[in-house]
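Residues per chain, in single letters:
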Amino acid sequence: MQAKRILIGLSLLLVLFQLTSCAPAGMTTQEYGFFYGIVHGFISPFVLVAKLFGVSIGLYAEHNSGTFYWVGYILGLIFLLGGGG
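Procedures and definitions
Residues numbered from 1 in each chain as written. Predicted model: local features only at pLDDT ≥ 70, side-chain atom pairs only at ≥ 80, totals over all residues. Heavy atoms only, no water. Phe/Tyr/Trp six-rings, centres within 6.5 Å; stacked < 30°, edge-to-face > 60°. Buried < 20%, exposed > 50% of the residue type's maximum accessible area, 1.4 Å probe, protein only. Helix = DSSP H or I, 4+ residues; strand = E, 2+ residues; numbered from the N terminus. Polar contact = N/O pair within 3.5 Å; in protein donor to acceptor, adjacent residues only side chain to side chain. Contact = heavy atoms within 4.5 Å. Expected span 1.5 Å × (residues − 1). Axes fitted to C-alpha atoms, helices over the stretch in contact; angles between N-to-C directions. Parallel < 35°, antiparallel > 145°, perpendicular 65-115°, else oblique. Left-handed = near helix turned anticlockwise from the far one by under 90°. Nonpolar A, V, L, I, M, F, W, Y, C, P; charged D, E, K, R; others polar.

A word on the packing of aromatic side chains. Under the counting rule described, the total for this entry stands at five aromatic pairs. Pairing Phe34 with Phe35 gives two aromatic rings, centres 5.2 Å apart and planes at 75 degrees, and the pair type is edge-to-face. Overall, the relative accessible area of 28% leaves Phe34 in the partly exposed class. In this structure an aromatic cluster arises from ring pairing among Tyr69, Trp70 and Tyr73.

Rendered as structure tokens:
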């Protein structure tokens, strides 16, 4: 039973690290669009936890396409949080 809890805890930690590795890292020359907005919105709660531990990553892409990026970002949050229903 104890080994199963440790395995589940390590698995969740691994998933957290993998999700935050997709987070935007400051200014880049690449312009992020709609689909990157979905990904960044989906991982934003995990990034927020990582930022609480002092990791230097961004919550959103600073160099984005504007409205379409933010629509994707909000949709990513909705997909993760269940649509608020």
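The rest of the description comes next.
Another point: the side chain of Ser44. Residue placement: Ser44 occurs in helix α2 (residues 34-52). Among the residues examined, Ser44 registers a relative accessible area of 8% and is labelled buried. Separated by 2.9 Å, the side chain of Ser44 and the backbone oxygen of Gly41 make a polar contact. Not counting the four nearest positions on each side in its chain, Ser44 is found in contact with Leu59, Tyr73 and Leu77.

This part is about α2. Here α2 is 19 residues long and its end C-alpha atoms lie 27 Å apart, about the 27 Å a rise of 1.5 Å per residue gives. Among all positions in α2, only Gly37, Ile38, His40, Gly41, Ile43, Ser44, Val47 and Ala50 are buried. Two residues or fewer after α2 comes Gly54, characterised by a positive phi angle close to 90 degrees.

With that out of the way, let us pick up the packing of α2 against helix α3 (residues 67-81). Direction vectors running N to C along α2 and α3 enclose 45 degrees, while the axes themselves pass 6 Å from each other. One way to sum up the angle between α2 and α3 is to call them oblique. Regarding α2 and α3, the two cross each other, and that crossing is right-handed. Along the contact surface, α2 presents Phe34, Tyr36, Gly37, Ile38, His40, Gly41, Phe42, Ser44, Pro45 and Phe46, while α3 presents Phe68, Tyr69, Val71, Gly72, Tyr73, Leu75, Gly76, Leu77, Phe79 and Leu80. Residue classes in the contact of α2 with α3 are distributed as 14 nonpolar, six polar and no charged.

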